[in-house]
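Examining the three-dimensional arrangement
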Amino acid sequence: MSTISTHLVLISARFPEGANRKMVIEGAPAEFPAWFAGTDAEILESGMLERRRTECHWLSAWTNESEVDSFLSAPTTHVPALGIASELWRLKLVPYMQRGAEILPLAPHDTRPRSDEPIVIITTIGPYSREEDALTAFQRAHCSRSSLLQAEGLLHEMLLVPYPPMATDLFTITIWRNERAAQTWAYRTDSHRAAMEFYKAGSEKPRVSFTRCLIERSEGGWRGREPALLIGDESR
């Protein structure tokens, strides 16, 4: 996989109960370096995942910025199912840091965030070969996510559980008020540190990746607001 993409697009959509979302799982357009489509999910205390089938996400990598802008202006071009969404949120992301496995084929930009600038962090983890290890890992993830929802500086969080054939890695996507808030939670929260220690101590280490992005454009919202734009305007 060559690192050629300069932008990511994240689309979140909420659908009415019972809506026909068959096109959500259509194959990725052939011209895209990366395209992941699936649902959000709950991580249960047991370690199992339970899909939120009315909340869907699409994450894609792009090589041409003008095509990114065209897609954001008319997202049904590639995702016709969005035409029946009851709520729609679109983000244009500029990656500035990437570590770990090359799940997303990126060429990160040199620009760094300002101290008061919101960022998006995308983390991925691949599959465990043993079910008991996977359940233990997700039990730790359940505790970690519970603390995440209380984290100061968190603006929004979501899981992306892709549908087959893309369902090889789990995506955690978080939006933070600034980079410092993200680092404070990641390295000073007991539950997240326990999850990291379990991974480091295990004999099997599935592939992981970490990508940090700036938010260049946000359209629409989620639950009636634009979480990525709350910074600096507490009245929103």
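Scroll up a little and you will see the structure.
Read on for a plain summary of the structure. (Residues numbered from 1 in each chain as written. Predicted model: local features only at pLDDT ≥ 70, side-chain atom pairs only at ≥ 80, totals over all residues. Heavy atoms only, no water.)

**Focus: helix α1 (residues 65-73)**
Going by this rule: Throughout this description, buried means an accessible area under 20% of the type-specific maximum (1.4 Å probe, protein chains only), exposed means over 50%, and partly exposed covers the range between. Here a helix means four or more residues in a row that DSSP labels H or I, a strand means two or more in a row labelled E, and each is numbered from the N terminus. To obtain the arc, one takes the directions from the helix axis to the C-beta atoms. What makes two residues a contact is simply this: any of their non-hydrogen atoms within 4.5 Å.
Within α1, the full set of buried residues consists of Val68, Phe71 and Leu72. All buried residues of α1 project into a common sector of 100° when viewed along the axis, lining one side. In this structure, the buried residues of α1 make contact with β1 (7-14), β2 (34-43), β3 (49-62), β4 (87-100) and β8 (208-220).

**What to know about the sheet that holds β1**
Put simply, the rule reads: We call two strands paired when DSSP finds no fewer than two bridges between them. Note on method: axes are straight lines fitted to C-alpha atoms, helices fitted across the in-contact stretch only, with angles between N-to-C directions ranging 0 to 180 degrees.
The strand order around the closed barrel built from 8 strands is β1-β3-β2-β6-β7-β5-β8-β4, with neighbouring strands paired in antiparallel fashion. Ignoring strand direction, the axes of neighbouring strands in this sheet form an average angle of 35°. For strand β5 (residues 119-125) and β8, the ladder comprises 7 bridges, and the chain directions are antiparallel. Bridging from a neighbouring strand, Ile122 pairs with Thr211 of β8. Across the sheet, helix α2 (residues 131-148) is in contact with β2, β3, β6 (154-162) and β7 (170-176); its angle to β2 comes to roughly 85°.

**A closer look at the packing of aromatic side chains**
Using the following cut-off: Note on aromatic pairs: the rings of Phe, Tyr and Trp (six-membered ring only in Trp) are paired at centre separations within 6.5 Å, and the planes decide the class, stacked below 30 degrees, edge-to-face beyond 60, tilted for the rest. Criterion for a charge above a ring: Lys NZ or Arg CZ within 6 Å of the ring centre, and within 35 degrees of the ring normal.
Scanning the model with the defined rule gives 4 aromatic pairs in all. Where Phe36 meets Phe171, the ring centres are 4.7 Å apart and the plane angle is 50°; that geometry is what we call tilted. Within this pair, whereas Phe36 is found in strand β2, its partner Phe171 is found in strand β7, the two being separated by 135 residues in sequence. Here Phe36 and Phe171 have matching classes, each one buried. Measuring from ring centre to ring centre gives 5.1 Å for Trp62 and Phe71, while their planes differ by 25°; the resulting arrangement is stacked. A relative accessible area of 3% means that Trp62 is categorised as buried. Over the face of the ring belonging to Trp222 we find Arg14, whose NZ or CZ atom lies 4.2 Å from the ring centre.

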